[in-house]
Amino acid sequence: MKLLEERIQRDGIVREGNVLKVDSFINHQMDIPLFREMAKEWKRLFAGKPVNKVLTIEASGIGIAAVVASEFNVPVVFAKKSMSINLDYDNYETKIQSFTHKKIYNVIVSKKFLTAEDHVLIIDDFLANGCALMGLLDLAKEAGATVEGIGIAVEKGFQQGGELIRSKGIQLESLAIVESMNSETGEIKFREQPHQ
Ligand code: 5GP
């Protein structure tokens, strides 16, 4: 999506350790008109899919997912990160290794809010190694929910997550795929995506 790529070129900051900072429009301050355009693009890319719920993970996925849920006119559920080992059995539970914080989190979603009747669209801000998405897929599987697709704002194409998810045959639509980035020069290159 050109609009998002241009914004990343303009305001994204490449940090050491393969981290792209997009604090000024996604991860700290949120540009809601931009999120609305992204949501419309996912609506187009997932047209015809019977989505009845958006699923994301706290915290940074929530803002984008809320705007997407509004576009699809469905509720949004976010999986919660929990440090507690004493988890309530009324939750589905999995573990996720965080790319940015290098921690392992227990992640839960209440059985009340994710069920076998659900057809979910998973939304997240970044895709790196795919741990967050694998966790969300796990939760959906535990619930017996159908995953209709995955929408990602920024995929780092040089990390393994995209390949991992696509090899499962799931429709994955990343609105910007970073092919390479350089923390010394600040240069960012994107992968061409013909249908976007
Ligand atoms: P993964 O689980 O795919 O390795 O990493 C995805 C999660 O890590 C995302 O939900 C996002 O919060 C965070 N993340 C991974 N890479 C980056 C990055 O380069 N920049 C930012 N801002 N967050 C990232």
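Before reading further, recall that the structure is shown in the block above.
Keep in mind that this is a model prediction, so the values were computed, not measured.

Right, let's get into the packing of helix α3 (residues 32-45) against helix α4 (residues 62-72). At their nearest, the axes of α3 and α4 sit 9 Å apart, and the two run at 55 degrees to each other. As the angle between them shows, α3 and α4 are arranged oblique. Note on packing geometry: the crossing formed by α3 with α4 is right-handed. Facing Ile-32, Phe-35, Arg-36, Met-38, Ala-39, Lys-40, Trp-42 and Lys-43 of α3, the residues of α4 in contact are Gly-63, Ile-64, Val-67, Val-68, Glu-71 and Phe-72. Residue composition of the contact of α3 with α4, grouped by class: nine nonpolar, one polar and four charged.

Once that is clear, we can look at the site of the ligand. By nearness alone, 17 residues border the ligand, and Leu-20, Asn-129, Gly-130, Ala-132 and Lys-156 come closest of all. A distance of 3.0 Å is found between an oxygen atom of the ligand and a side-chain nitrogen or oxygen belonging to Asp-124. At 2.7 Å from an oxygen atom of the ligand is found a main-chain nitrogen or oxygen belonging to Gly-130. About the coverage of the ligand: the protein hides 90% of its 500 Å² of free accessible area. When each cavity is represented as a set of grid points, the ligand is found to reside in the largest pocket. Elements represented by at least two residues in the shell around the ligand include exactly β2 (19-21), β7 (119-127) and α5 (131-143). Tallied by class, residues from the shell around the ligand come to eight nonpolar, six polar and three charged.

The residue Lys-53 is located in strand β3 (residues 53-57) in this model. Take Lys-53: its relative accessible area is 12%, and that puts it in the buried class. Polar contacts involving the side chain of Lys-53 include one to the side chain of Asp-118, which spans 3.1 Å. Residues contacting Lys-53, with those up to four places away along its chain left out, are Val-74, Pro-75, Val-77, Phe-113, Leu-114, Asp-118, His-119, Val-120 and Leu-121.

The rules we used
Residues numbered from 1 in each chain as written. Predicted model: local features only at pLDDT ≥ 70, side-chain atom pairs only at ≥ 80, totals over all residues. Heavy atoms only, no water. Axes fitted to C-alpha atoms, helices over the stretch in contact; angles between N-to-C directions. Helix = DSSP H or I, 4+ residues; strand = E, 2+ residues; numbered from the N terminus. Parallel < 35°, antiparallel > 145°, perpendicular 65-115°, else oblique. Left-handed = near helix turned anticlockwise from the far one by under 90°. Contact = heavy atoms within 4.5 Å. Nonpolar A, V, L, I, M, F, W, Y, C, P; charged D, E, K, R; others polar. Near = heavy atom within 4 Å. Polar contact = N/O pair within 3.5 Å; in protein donor to acceptor, adjacent residues only side chain to side chain. Areas by Shrake-Rupley, 256 points an atom, 1.4 Å probe, with all protein chains shown as cover. 1 Å grid on protein atoms, 1.4 Å probe; cavity = no way out; pocket = protein on both sides within 12 Å on 5 of 7 lines; lining within 4 Å. Sits in = over half its atoms within 2 Å of the grid points. Buried < 20%, exposed > 50% of the residue type's maximum accessible area, 1.4 Å probe, protein only.

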